[in-house]
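Observations on the model geometry
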Amino acid sequence: MEALRGRDLAERLDADGPLPVRDVVDAMIAACDALAHAHQHGVVHRDIKPANLFEHQGERGERVIKLLDFGVAKWLDDDGNDGERDLDDHLDFPARRALTTSRAGFLGSPSFMSPEHVCDARRVDPRSDLWSLGATAYQLLTGTLPFGGESLGEVFAAVAMGRCASLV
């Protein structure tokens, strides 16, 4: 496993507040590159959020964004359809299944889930990751969640109904 130096973007957001636009754009481009590679290989991440984007300091001090935590990822069949199998089915790590299915009955982070993901995590496709990336950019730029609520149900309802927090 690669040794990373730095912190994830959620930690950076907590410490420094909203990120500069240029840093968010750079992070989104890097995340899009990583997701393009995953999607080309039939993998849907299903948990894109600031905590899963890691700002690594390279050997020469360069900033490199790494996409982490494919723990709830899903593998699509060759036609891009849900093959009713998780990525874990293709990994030699049987204990992973218990870890990824025990999150209170859902897979992912509610404030970053697409409406389709809220309805059925098994039916998401690569577009859901892109939607979550937009929610991630929103939080990195504003310091607030795009979809919130007092309860999990309120968060799910806000996502499903498209009730995003206003920027003005």
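Described below are features of the structure shown in this document.

With that out of the way, let us pick up helix α2 (residues 21–40). Helical geometry: 3.6 residues make up each α-helical turn, so side chains three or four residues apart lie on a common side. For α2, built from 20 residues, the straight-helix expectation of 28 Å at 1.5 Å per residue is met to within 8% by its first-to-last C-alpha distance of 28 Å. The set of residues buried in α2 consists of Asp23, Val24, Ala27, Met28, Ala31, Leu35, Ala38 and His39. Around the axis of α2, the buried residues are gathered within 125° of arc, so they sit on the same side. Those residues of α2 that are exposed and angled more than 90 degrees off the buried face are Arg22, Asp33 and Gln40. In this structure, the buried residues of α2 make contact with α1 (9–16), β2 (43–44), β3 (53–57), β4 (63–67) and α5 (126–142). At the C-terminal side of α2, Gly42 shows a positive phi close to 75°.

The next point concerns a nonpolar patch on the surface. On the surface, a nonpolar cluster with roughly 330 Å² of combined accessible area is contributed by Val21, Val25, Ile29 and Leu141. With 3 residues, α2 is the single largest residue contributor to the nonpolar patch. Topologically, Leu141 is positioned in helix α5. A residue is classified by how much of its surface remains accessible, and Leu141, at 39% relative accessible area, is partly exposed.

Our next topic: the sheet that holds β4. The strands that make up a sheet pair up through hydrogen bonds in the backbone, lying either parallel or antiparallel. The 3 strands lie next to each other as β1-β3-β4, forming an open sheet whose pairing is antiparallel. Strands with a single pairing partner mark the edges of an open sheet, and in this sheet they are β1 (6–8) and β4. With strand direction ignored, the average angle separating the axes of adjacent strands in the sheet is 20°. In the sheet, β1 pairs with β3 via 3 bridges, with the strands oriented antiparallel. Opposite Arg7, over in β3, you have Glu55 as the bridge partner. Along the sheet, α1 contacts β1, β3 and β4; its crossing angle with β1, the most-contacted strand, is approximately 90°. Sheet contacts for α2: β3 and β4; angle to β4, the most-contacted strand, approximately 45°.

Calculation criteria
- Residues numbered from 1 in each chain as written.
- Predicted model: local features only at pLDDT ≥ 70, side-chain atom pairs only at ≥ 80, totals over all residues.
- Heavy atoms only, no water.
- Helix = DSSP H or I, 4+ residues; strand = E, 2+ residues; numbered from the N terminus.
- Expected span 1.5 Å × (residues − 1).
- Buried < 20%, exposed > 50% of the residue type's maximum accessible area, 1.4 Å probe, protein only.
- Arc of directions from axis to C-beta.
- Contact = heavy atoms within 4.5 Å.
- Patch = residues over 30% accessible without salt bridge, like charges linked within 9 Å, V, L, I, M, F, W, Y side chains within 5 Å.
- Areas by Shrake-Rupley, 256 points an atom, 1.4 Å probe, with all protein chains shown as cover.
- Salt bridge = Lys/Arg side-chain N within 4 Å of Asp/Glu carboxyl O.
- Pairing = 2+ DSSP bridges.
- Axes fitted to C-alpha atoms, helices over the stretch in contact; angles between N-to-C directions.

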